[in-house]
Amino acid sequence: MSEKQRIICSRCGVELENKLVSFEYIGHRLQNEIPCCPKCGQCYVSPELAAGKMREAEMEMEDK
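Residues numbered from 1 in each chain as written. Predicted model: local features only at pLDDT ≥ 70, side-chain atom pairs only at ≥ 80, totals over all residues. Heavy atoms only, no water.

A. A look at the pairing of strand β2 (residues 28-36). Sheet topology note: the strand β1 (residues 17-25)/β2 ladder contains 9 bridges and is antiparallel. For Asn 18, the partnering residue across the bridge sits in β2 and is Pro 35. Connecting the antiparallel pair β1 and β2 is a turn made up of 2 residues, with Ile 26 showing a positive phi of about 50 degrees. (Pairing = 2+ DSSP bridges. Helix = DSSP H or I, 4+ residues; strand = E, 2+ residues; numbered from the N terminus.)

B. Molecular detail of the confidence of the model for the chain. Chain-level statistics for the chain give a pLDDT mean of 84 and a share of 91% at 70 or above. Across the chain, β1 holds the top mean pLDDT of 90, while helix α1 (residues 47-63) sits lowest at 77. (pLDDT = per-residue confidence, 0-100.)

C. Spatial organisation of the pattern of salt bridges. Summed over the entire model, instances satisfying the criterion amount to 2 salt bridges. Among the salt bridges present, the one from Arg 6 reaches Glu 15, with a minimum N-O distance of 3.3 Å. The partly exposed category is assigned to Glu 15, whose relative accessible area is 30%. With a shortest N-O distance of 3.2 Å, Arg 29 and Glu 24 are connected by a salt bridge. Each member of the pair, Arg 29 as well as Glu 24, is classed as exposed. (Salt bridge = Lys/Arg side-chain N within 4 Å of Asp/Glu carboxyl O. Buried < 20%, exposed > 50% of the residue type's maximum accessible area, 1.4 Å probe, protein only.)

Okay, structure coming up:
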């Protein structure tokens, strides 16, 4: 992996920092470390993370 990609908060204009965050989707609680603003708390969920975690939860639901 090359240089770390900088993501800037659209509200505050500061660089996001990684933080452990809990998500809930279709009754499943997931945790992942994602970039969040240290000032306002806004988080960035990449399309890849969102699609991957949603698919995992949907597959678990289908298995039940």
